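# Residue-level structure breakdown
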Amino acid sequence: MTAPAANPPRPRPEVMAIAAYVGGEHKLPGVNRVITLSANEGPFGPPPSAREAAVKVAGEMHHYPDGGSIELRKAIGARFGLDPARIVCGTGSDELIQHICHIYGGPGTDVIMSMHGFTMYQIAGTYAGSRVLKAPEHNFTTSVDEMLAAVTPETTVMFVANPNNPTGSLLPESEMLRLRAGLREDILLVLDSAYAEYVEAADYDAGSRMVDAGENTIMLRTFSKIFGLGGMRVGWGYGPPMVIDAINRVRGVFNVNKIAQAAAVAALAEPGWVERCKAHNTVWRAKLSAIMTRLGIVAHPTEGNFILSDFGTAERAKGADAFLRTRGIIVRGMTAYDLPHCLRITVGTEEECGLVADALTGFMATQHG
Ligand SMILES: *Cc1c(COP(=O)(O)O)cnc(C)c1O
């Protein structure tokens, strides 16, 4: 053992102020079958054609991938009716969030997010050296007025997840347009639409219309949720040419690996996949919410594939979490989101939803008397 160095290399102080992101857990000691409802993953595994495509290109893994993700951007463009030249792919949309913060943020700048917005914005903004400001929410929903009131002369970037994770709440397109209209032209608005495919509400746009309307809005999307490819790490952004150009200068040159690119292209082509997953989610998020309500758990309205479930107190939420674990079910604690009285529960398969409902029923039965 050597003695600790008297003068070790020191990270920038803001780095040590970051609480490392804790992903959803997938394992429980001593439990054979774990039901993972902690990471908002699609419940049906990968699309079969994506699995096939991944196996097929495995024999080419000695080759570097296409650094421009050309085929993938073409396939995304065709699927969503967008110009591939204005699309950039990333190692998950998380990579793009990081780059956006470093490109437009930095010391002396402010990044704005909502109170219970996605924690990755806080991590990436802080890492870049920006101050991260959190605007109050009303009713667990992003407030356009509060977001606009939070703007400072130093503000350069604003993040809005729509629907938001972990609250599940949605802003209609009319509100998003009001937000953009009220923001200074030089502020980049980042519309994170990771859950766009699950939205049933009318008056919703994932963001491409707003991107097209100006030079200062970018939309982020992902293959990690409805497309069932969280382990492949593929996300993408659609934005103004200048923003896409800036990201292309700094992103990982070969950021999306060869197998991931092939899997994502195939996932887009899987017939009926999105429609089936969405239809299942719509039915079961409503059923599960109704069951929770009946049990006395507040199920916040959600347009995503998850439900923010309010148990009233942190103690009771912790108790429910522990109870579910005894049945092999892992959900997401919300302490990191300043919601310790809540759990976020992903909508799983029909069987998984039934098991969660049974377990919650069992837990709530222990809470009376
Ligand atoms: C899951 C999620 C993402 C996607 O992350 P990836 O890096 O693409 O897996 C982005 N934003 C929000 C709000 C999410 O919940």
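Bear in mind the structure is a predicted one, so any value in this text is a computation, not a measurement.

A side chain with one charge may pair with a side chain of the opposite charge, provided their charged atoms come close. Summed over all chains, the structure comprises 15 salt bridges. Residue Glu60 pairs with Lys258 through a salt bridge whose shortest N-O separation is 4.0 Å. With Glu60 in the loop between α2 (48-57) and α3 (70-80) and Lys258 in helix α10 (residues 258-269), this residue pair connects regions lying 198 residues apart in the sequence. Residue Glu60 is classed as partly exposed on the basis of its relative accessible area, which comes to 35%. Of the charged contacts, one joins Glu197 and Arg221 as a salt bridge, the two residues approaching to 3.0 Å between their closest N and O atoms. In this pair, Glu197 sits in the loop between β8 (188-192) and α8 (208-212) while Arg221 sits in strand β9 (residues 217-222), placing the two residues 24 residues apart along the sequence. An identical accessibility class is assigned to Glu197 and Arg221; each is buried. What you see here is one network of salt bridges that share partners, running through Asp145, Glu175 and Arg178.

Around the ligand, the neighbouring residues are Gly92, Ser93, Asp94, Phe118, Asn165, Asp192, Ala194, Tyr195, Thr222, Ser224, Lys225 and Arg233. The contact in question runs from an oxygen atom of the ligand to an N or O atom on the backbone of Ser93, over 2.7 Å. At 2.6 Å from an oxygen atom of the ligand is found a side-chain nitrogen or oxygen belonging to Tyr195. Protein chains shield 94% of the accessible area of the ligand, which is 390 Å² for the free molecule.

Our next topic: the nonpolar core. Counting 33 residues, the largest nonpolar core has Leu72, Ile76, Phe223, Phe227 and Trp236 as the members making the most contacts within it. Where this core is concerned, the elements lending two or more residues are α3, β2 (87-90), β10 (235-238), α10 and α11 (273-295). No fewer than three residues from each of domain 1 (22-45 + 273-367) and domain 2 (48-269) sit in this core. Listed in part, the 29 residues of the second largest apolar core include Met113, Tyr121, Ile123 and Val190.

As for its placement among the helices and strands, Asp321 is situated in helix α12 (residues 314-326). Among the residues examined, Asp321 registers a relative accessible area of 15% and is labelled buried. Spatially, the C-alpha atom of Asp321 lies 9.7 Å from that of Cys342, the residues being 21 residues apart in sequence. Not counting chain neighbours up to four residues away, the residues in contact with Asp321 comprise Val331 and Leu343.

If you check helix α13 (residues 350-365), its first and last C-alpha atoms are 23 Å apart, about what 16 residues at 1.5 Å a residue would give, namely 22 Å. Within α13, the full set of buried residues consists of Glu352, Cys353, Val356, Ala357, Ala359, Leu360, Phe363 and Met364. When α13 is viewed along its axis, its buried side chains cluster within an angular range of 170 degrees and face the same direction. Opposite its buried face, α13 presents the exposed residues Glu350 and Ala365, each directed more than 90 degrees away. Of the surrounding secondary structure, the elements contacted by the buried residues of α13 are β1 (35-36), α11, α12, β13 (329-330) and β15 (342-346).

A few words now on the pairing of β8. Among the five residues of β8, five are classified as buried, and the element is accordingly described as predominantly covered. What you see with β8 is no split at all: Leu188, Val190 and Asp192 on one side and Leu189 and Leu191 on the other are buried throughout. Bridge analysis of strand β7 (residues 155-161) against β8 gives five bridges, and the strand direction is parallel. Across the sheet, residue Met158 finds its bridge partner in β8, namely Leu189. Running through helix α7 (residues 173-182), the crossover from β7 to the neighbouring parallel element β8 is right-handed. Looking at chain direction, β8 and β9 are connected through four bridges and run parallel. The residue of β9 that forms the bridge with Leu191 is Met219.

Rules and cut-offs
- Residues numbered from 1 in each chain as written.
- Predicted model: local features only at pLDDT ≥ 70, side-chain atom pairs only at ≥ 80, totals over all residues.
- Heavy atoms only, no water.
- Salt bridge = Lys/Arg side-chain N within 4 Å of Asp/Glu carboxyl O.
- Helix = DSSP H or I, 4+ residues; strand = E, 2+ residues; numbered from the N terminus.
- Buried < 20%, exposed > 50% of the residue type's maximum accessible area, 1.4 Å probe, protein only.
- Near = heavy atom within 4 Å.
- Polar contact = N/O pair within 3.5 Å; in protein donor to acceptor, adjacent residues only side chain to side chain.
- Areas by Shrake-Rupley, 256 points an atom, 1.4 Å probe, with all protein chains shown as cover.
- Core = buried A, V, L, I, M, F, W, Y, C linked by side-chain atoms within 4.5 Å.
- Domains from an automatic or database assignment.
- Contact = heavy atoms within 4.5 Å.
- Expected span 1.5 Å × (residues − 1).
- Arc of directions from axis to C-beta.
- Pairing = 2+ DSSP bridges.
- Right-handed = clockwise from strand over helix to strand, strands pointing away.

Distances and angles like these do not, on their own, reveal function.
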